[in-house]
Amino acid sequence: MITMTLEINKKCNLACDYCYVGDKTNKTMDDRIAYRSVEFAIERIKCENHRNRIIKINFLGGEPLLDFDKVKNIVYYCEANSKENQIKFLYTITTNGTILDLSIIEFLIKYKFSLKVSLDGNENVNDLSRKMVNGAGSYKYVIKNLDYLKYFELKTGRAVQASAVITKNNYTHHLETIKHFHEDLGFLDIDAGINTDSKWNKEELNCLFKIYRKVLEYYITCYHHNNYFMWRYIENAFDSYTDISKRVFSCGAGIISFYINVEGEMFLCPSLLDQQYSLGNVFDGFSEFGTLLREKLKDIKYIDNSKCLSCKEYENCKSKGCFAASLHENNDIHCPDDFSCLYTKMANQLVRDNLEELEEIEKNAKILGPMPYYINGVIHPIRNVAY
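Overview of the structure.

Cut-offs applied
- Residues numbered from 1 in each chain as written.
- Predicted model: local features only at pLDDT ≥ 70, side-chain atom pairs only at ≥ 80, totals over all residues.
- Heavy atoms only, no water.
- Helix = DSSP H or I, 4+ residues; strand = E, 2+ residues; numbered from the N terminus.
- Buried < 20%, exposed > 50% of the residue type's maximum accessible area, 1.4 Å probe, protein only.
- Polar contact = N/O pair within 3.5 Å; in protein donor to acceptor, adjacent residues only side chain to side chain.
- Core = buried A, V, L, I, M, F, W, Y, C linked by side-chain atoms within 4.5 Å.
- Contact = heavy atoms within 4.5 Å.
- Expected span 1.5 Å × (residues − 1).
- Salt bridge = Lys/Arg side-chain N within 4 Å of Asp/Glu carboxyl O.
- Axes fitted to C-alpha atoms, helices over the stretch in contact; angles between N-to-C directions.
- Parallel < 35°, antiparallel > 145°, perpendicular 65-115°, else oblique.
- Left-handed = near helix turned anticlockwise from the far one by under 90°.

A closer look at the side chain of D189
Right, so step 1: Structurally, D189 can be placed in strand 6 (residues 189–194).
Right, so step 2: D189 gets classed as buried once you look at its relative accessible area, which sits at 4%.
Right, so step 3: Side-chain polar atoms of D189 contact the side chain of Q161, separated by 3.4 Å.
Right, so step 4: Of the polar contacts made by the side chain of D189, one reaches the side chain of R232; its length is 2.8 Å.

Shown next, in the form of structure tokens:
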């Protein structure tokens, strides 16, 4: 399987404080680059003799739905090349959720997309950082489109993922955010990533993990009351902690997973987009740096770092294998950054303290179906979408 994340554009109708894209140039990926990216993935499948002949295309921006015709054309190109090359294509898209309409949703349903919507919490929390370009809060524009998200879930049987960014100005509200997503908006798949561009101190992280413990109590309680939802943070931490393979390099970035920017440059992932770490481009292939780095990543068996090797968390540590973070912070794949190290230790402790409960949930939990959502305590059925 090959995963290709395509940066469809560098434009957005939001101006989020923490956006990793940086300067919005309003540039859109050229068709030539987009189609060549697909061809590059097909070549990887063939020349590396993948048994699992699947290519997963992640559409990212900016805001990819601002160039929805581009998204459609790439999907059409993939489908046209699927049968001939005996390759199955899977599609995911991450959107801010503000510009959905029925034609978009019907297309996503038809081509079996997975759908991820970025939202940071309730109106007060979300609008701290996620503002429209005119400075207005974005929450109300997402909420007006919840019917489309529920329609997508009903038609596909797949939960829409709500994804938040945990920042220094909202982390104390994280339990409130999880409850709002699940109880008020009816999301059954909830993720949250921490903003690593901020410098978190140990006291702040300790406070955050106390909140994580409260979220975990809520998550377990929901499971026992037949109201299970996926909390990606703890489920990923559990999977990492219990991974019997103990692989050093778990995500495969740069080997089986690539981030392609609007210019066709290849990178490990969106967390490492400095030009010095470009792996090459989709037309010329891997650069000398990209070739050397890929060889190192393919051959790595352990982290050549005495501090890591002597750590009791080494076997269950995910951060040691996040080479993008290691390069970004220390320019060395064998030197994990201090933040990731501490964050992983805290996550592992959270798993250890609740291992039996998490094992039961992993074994038995099932999502039963889309939930209704509530605004100001009033239930809102799906009403604006024609069946």
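Still more to cover.
Regarding the nonpolar core
Right, so step 1: Ranked by size, the top nonpolar core spans 113 residues in total, and within it F59, F113, Y219 and W231 carry the most contacts.
Right, so step 2: No other element matches helix 8 (residues 202–224), which puts twelve residues into this core.
Right, so step 3: Contacts of F59, omitting those with residues within four sequence positions, involve L6, I8, P64, V71, I74, V75, Y91, T92, I93, T94 and F113.

Quick word on helix 8
Right, so step 1: The end-to-end C-alpha separation of helix 8 is 33 Å, in line with the 33 Å expected for 23 residues at 1.5 Å each.
Right, so step 2: Here helix 8 starts with a cap whose side-chain oxygen sits 3.1 Å from the backbone nitrogen of E203, and that cap is N201.
Right, so step 3: Where helix 8 terminates, the next one or two residues include N226, which has phi positive at roughly 55°.

Some remarks on the side chain of D127
Right, so step 1: Counting through the fold element by element, D127 comes out in helix 4 (residues 123–129).
Right, so step 2: If near-sequence neighbours (up to four positions away) are discounted, D127 is found in contact with N122, G137, S138 and Y139.

Section: the pattern of salt bridges
Right, so step 1: Scanning the model with the defined rule gives 16 salt bridges in all.
Right, so step 2: D67 serves as the salt-bridge partner of K11, at 3.3 Å between the closest nitrogen and oxygen. Within this pair, whereas K11 is found in the loop between strand 1 (2–7) and helix 1 (31–47), its partner D67 is found in the loop between strand 2 (54–60) and helix 2 (68–85), the two being separated by 56 residues in sequence. In terms of burial, K11 and D67 fall into one category: buried.
Right, so step 3: Linking K70 and D31 is a salt bridge whose minimum nitrogen-to-oxygen distance equals 2.5 Å.

Concerning the environment of F181
Right, so step 1: Within the secondary structure, F181 sits in helix 7 (residues 174–184).
Right, so step 2: As a C-alpha pair, F181 and L119 span 62 residues in sequence and 9.1 Å in three-dimensional space.
Right, so step 3: Dropping the residues within four chain positions of it, F181 is found in contact with L119, D120, G121, A162, A164, G186, F187 and I190.

Some words on the packing of helix 1 against helix 2
Right, so step 1: One can describe the packing of helix 1 onto helix 2 by two numbers: an axis separation of 10 Å at closest approach and a directional angle of 30°. By the angle between their directions, the pair helix 1 and helix 2 is classed as roughly parallel. Crossing geometry of helix 1 relative to helix 2 is assigned as right-handed. Between helix 1, through D31, A34, Y35, V38, E39, I42 and K46, and helix 2, the contact on the second element is made entirely by K70, N73, I74, Y77, C78, N81 and N85.

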